[in-house]
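Analysis of the macromolecular model
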Amino acid sequence: MLAWAKSTGFLPERLEGVLPREFIWWPNSLELVRHALQILELKSDDVLLDIGSGDLRACIIALEGYDVNLCVAVEVNWKVLKEALKFLKTINYDKLNRILIICADFWRIGKRIAKIANKALFLAWRINPRMEAKLIKTLTHTKTIVHNFGNPENLKIIKPQQQKSPPFLGLL
């Protein structure tokens, strides 16, 4: 994974004094997040899984703009989550109880939480595009996934439940 990131120039810069596994957080533009959420066609009964949720901007937009039932935010960087939560508490954000925050590496816990949500968002363009197959395999119960692996402006929509195996032909 790191070899691919290095070869394409997507290797995160590292901060002095920070452990090698703690990378700098790259926020997505609000325009990109809004567009991705629009593609997901969110409704009020949806549960959104926001992988790499960062400052929780996608969850807030989904709650405010689409009134989704619940947002499950998965972020590995606890420092970014801490600052986001501090800010949301400061402004008394009234929908914080509708965000389930999980500070963990999605690739390690994905299978265990995959059935929670029916829609998923993974805006992390520095991820190797070959990880799409693993994402689909992890989120088999999800109706719709939007990601931008490998290209920050190219949103891709996947509908895992529609990717069915060929029908059994039986004996003729």
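Residues numbered from 1 in each chain as written. Predicted model: local features only at pLDDT ≥ 70, side-chain atom pairs only at ≥ 80, totals over all residues. Heavy atoms only, no water.

On to the sheet that holds strand E2 (residues 70–75), then. Here we have six strands laid out as an open sheet, ordered E3-E2-E1-E4-E5-E6, and mixed in their pairing. Strands with a single pairing partner mark the edges of an open sheet, and in this sheet they are strand E3 (99–103) and strand E6 (156–158). With direction set aside, neighbouring strand axes in the sheet form an average angle of 15°. (Pairing = 2+ DSSP bridges. Helix = DSSP H or I, 4+ residues; strand = E, 2+ residues; numbered from the N terminus. Axes fitted to C-alpha atoms, helices over the stretch in contact; angles between N-to-C directions.)

Let us look at the pairing of strand E4 (residues 119–122). Residues of E4 alternate between two faces, with Lys 119 and Leu 121 on one and Ala 120 and Phe 122 on the opposite face, all of them buried. Bridge count for strand E1 (residues 47–51) against E4 is three bridges, and the pairing is parallel. By the bridge assignment for E4, Leu 48 is matched with Lys 119. Sheet topology note: the E4/strand E5 (residues 144–147) ladder contains four bridges and is parallel. Bridge assignment links Leu 121 to a residue of E5, and that residue is Val 146. Crossover handedness for the path E4 to helix H6 (residues 132–138) to E5: right-handed. (Buried < 20%, exposed > 50% of the residue type's maximum accessible area, 1.4 Å probe, protein only. Right-handed = clockwise from strand over helix to strand, strands pointing away.)

Quick look at the nonpolar core now. Counting 26 residues, the largest nonpolar core has Leu 37, Leu 48, Cys 71, Ile 99 and Leu 121 as the members making the most contacts within it. For this core, the elements supplying multiple residues, two or more each, are helix H2 (30–40), helix H3 (57–66), E2 and helix H4 (78–90). Excluding residues that lie within four positions of it along the chain, Leu 37 makes contacts with Leu 42, Leu 48, Ala 58, Ile 61, Ala 62, Tyr 66 and Leu 121. Judged by nonpolar contacts, the second largest core, of 23 residues, contains Val 72, Ile 102, Ala 124 and Leu 139. (Core = buried A, V, L, I, M, F, W, Y, C linked by side-chain atoms within 4.5 Å. Contact = heavy atoms within 4.5 Å.)

What follows covers helix H5 (residues 106–113). When we look at burial in H5, the residues that qualify are Phe 106, Ile 109, Gly 110 and Ile 113. Summarising the axial view, the buried residues of H5 lie within an arc of 135°, below the 170-degree limit, and thus occupy one face. Those residues of H5 that are exposed and aimed more than 90 degrees away from the buried face are Arg 108, Lys 111 and Arg 112. Summarising the contacts, the buried residues of H5 are in contact with E1, E2, E3, E4 and H6. (Arc of directions from axis to C-beta.)

Once that is clear, we can look at the pattern of salt bridges. Inspection of the entire model under this criterion finds six salt bridges. A salt bridge links Asp 105 to Arg 108, with the shortest nitrogen-to-oxygen separation between them at 3.7 Å. Residue Asp 105 is classed as partly exposed on the basis of its relative accessible area, which comes to 23%. Ionic pairing is found between Lys 156 and Glu 132, a salt bridge with its closest N-O pair at 3.0 Å. Of the two residues, Lys 156 sits in strand E6 while Glu 132 sits in helix H6, which places them 24 residues apart along the sequence. Accessibility expressed as a relative area gives 38% for Lys 156, which makes it partly exposed. (Salt bridge = Lys/Arg side-chain N within 4 Å of Asp/Glu carboxyl O.)

Right, let's get into unusual backbone geometry. Look at Asp 67: it is not a glycine, yet its phi comes out positive at around 50°. Following the sequence through the fold, Asp 67 ends up in the loop between H3 and E2. According to the relative accessible area criterion, Asp 67 is partly exposed, its value standing at 37%. The phi dihedral of Asn 92 is positive, around 55°, even though this residue is not glycine.

By themselves, these observations are geometric and do not establish any function.
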